[in-house]
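Tertiary structure, described
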Amino acid sequence: MRIGFSLPQFGALAHRPEEVARFARQAEELGAASLWVGDRLLDPVHPTVGYAGADTIPPEFRTALDPFATLATAAAVTERVQLGSNVINAPWYPPAVLARSLTTIDAMSAGRLLVGLGTGWSPEEYEAVNVPMAERGRRLDEILDALTAWWTTNPVEYRGEHWTVPASYIDLKPATRPHPPVYLGGFAPTAIRRVARRADGWLPIAVPPVPFDPQAAVIGPMTTIREAAEREGRDSAALDAILRVNPSSGATVEDITKVLARAEEEAGVDHAFVDLLYLAKDVDQALDLAQRILDGATAR
């Protein structure tokens, strides 16, 4: 299994942004396969919707580095690791702006970008970017079309209900051909159907020490996705899953490596990353955890 880690982007880790480069470089040296960012904009004082089914939002989200700048920093100091987003909240961004940022990172990294997109869950964040949250699914569909046009045609033109790219010459294309792989997050039936129609893969999640059920977390949804992809005339075997392991503060390295082992052995997951947000207070601790997780996974 290829195992990656989140970059030091949120919470206590983000208070030392100059450490992003050191973490990226040393994580690659330790043997990490990939490095990842998420996309948080703000932590509302009075949230309408809490995080992950709770009534509140973790205080770690009060400090957040820009995902594109963080990935670009990692791209500049690494040579091998893939660079992923899980997830960029695509409806926040005009597709031309999003395409320029993603294309730049893919080109800077010589084709190491994995594009993970989603729609987010916070009404206040949508209010802050002046985008109606009720339109987020339709806007994401249009963004996927606009990204494809941006990456594969020249001149580029896209005209939809919500987004427009006027006919324009865009000479910079991704290093990855025809474009970087696009993964989608989400668990609702609409999101699962969108993966089947539009994506290269899906982004499931595990939250140790909560018991991990490979059937419910990965196998069942991926079966649904592949069956729907076949109905769309797509090659279902080409779709895969990259698992995000998002441990809570009480999780141990043993909890994490057990999830990784079961995901690989029972669900056929060959790429996962561990989010260190709630476990590490500084980059040294994050690197120590990364080393212990990699060693523990190898020992199994």
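All values reported here derive from a predicted model rather than from experimental measurement. (Residues numbered from 1 in each chain as written. Predicted model: local features only at pLDDT ≥ 70, side-chain atom pairs only at ≥ 80, totals over all residues. Heavy atoms only, no water.)

The subject of this paragraph is the UniProt feature "domain: Luciferase-like" (unreviewed entry) in the protein chain. As recorded in UniProt, the feature "domain: Luciferase-like" (unreviewed entry) lies at residues 15-262. Here residues 15-262 runs as 40% helix and 15% strand, with 34 Å between its end C-alpha atoms. (UniProt positions renumbered as here; feature names shortened; annotations may be inferred. Helix = DSSP H or I, 4+ residues; strand = E, 2+ residues; numbered from the N terminus.)

Here we take up helix H4 (residues 95-108). Each α-helix turn comprises 3.6 residues. Residues three or four places apart therefore point the same way. The terminal C-alpha atoms of H4, which comprises 14 residues, lie 20 Å apart, in line with the 20 Å expected from a rise of 1.5 Å per residue. If you follow the buried residues of H4, they end up packed against helix H3 (67-77), strand E4 (88-89), strand E5 (113-118) and helix H6 (136-152). Backbone geometry just after H4 places Ala 110 at a positive phi near 60°. (Expected span 1.5 Å × (residues − 1). Contact = heavy atoms within 4.5 Å.)

Attention now moves to the nonpolar core. Core analysis: the biggest nonpolar cluster contains 84 residues, and Phe 5, Leu 7, Phe 23, Leu 35, Leu 98, Leu 117 and Leu 243 have the highest contact counts within it. Considering every element that reaches this core, the biggest residue donor is H6, with eight residues. Apart from the residues within four sequence positions on either side, Phe 5 is in contact with Phe 23, Ala 32, Ser 34, Leu 35, Trp 36, Phe 273, Val 274, Leu 276, Ala 290, Ile 293 and Leu 294. Listed in part, the seven residues of the second largest apolar core include Trp 36, Val 87, Leu 203 and Phe 273. (Core = buried A, V, L, I, M, F, W, Y, C linked by side-chain atoms within 4.5 Å. Buried < 20%, exposed > 50% of the residue type's maximum accessible area, 1.4 Å probe, protein only.)

Here the focus is the pattern of salt bridges. What the rule picks out here adds up to 14 salt bridges. Between Glu 157 and Arg 159 there is a salt bridge, and its shortest N-O distance comes to 3.0 Å. In this structure, Arg 244 and Asp 275 form a salt bridge, with 3.1 Å as the shortest nitrogen-oxygen distance. Here Arg 244, found in strand E12 (residues 243-245), pairs with Asp 275, found in the loop between strand E13 (271-274) and helix H10 (283-299); they are 31 residues apart in sequence, far enough to count as distant. With respect to burial, Arg 244 and Asp 275 carry one shared label: buried. (Salt bridge = Lys/Arg side-chain N within 4 Å of Asp/Glu carboxyl O.)

What follows deals with unusual backbone geometry. In this structure, the amide linkage connecting Asn 86 to the following residue, Val 87, adopts the cis form with an omega of -5°. Topologically, Val 87 is positioned in the loop between strand E3 (82-85) and E4. At the junction of Arg 177 and Pro 178, the peptide bond is cis and its omega measures out at -5° in the coordinates. With respect to the helices, strands and loops of the structure, Pro 178 is situated in the loop between strand E7 (164-168) and strand E8 (182-184). Of note in the backbone geometry, Ala 52 takes a positive phi value of approximately 55° without being a glycine. One can find Ala 52 in the loop between strand E2 (34-37) and H3. Here Ala 110, not a glycine, exhibits a phi torsion of approximately 60°, which is positive.

In this section: the pairing of E7. Bridge analysis of strand E6 (residues 156-159) against E7 gives three bridges, and the strand direction is antiparallel. Along E7, the bridge assignment pairs Arg 159 with Thr 164. Linking E6 to E7, which pair antiparallel, is a turn of four residues. (Pairing = 2+ DSSP bridges.)

Take Glu 254: it is sitting in helix H9 (residues 253-267). Exposure remark for Glu 254: the relative accessible area of 42% places this residue in the partly exposed category. For Glu 254 and Pro 209, which are 45 residues apart along the polypeptide, the C-alpha to C-alpha distance reads 9.5 Å.

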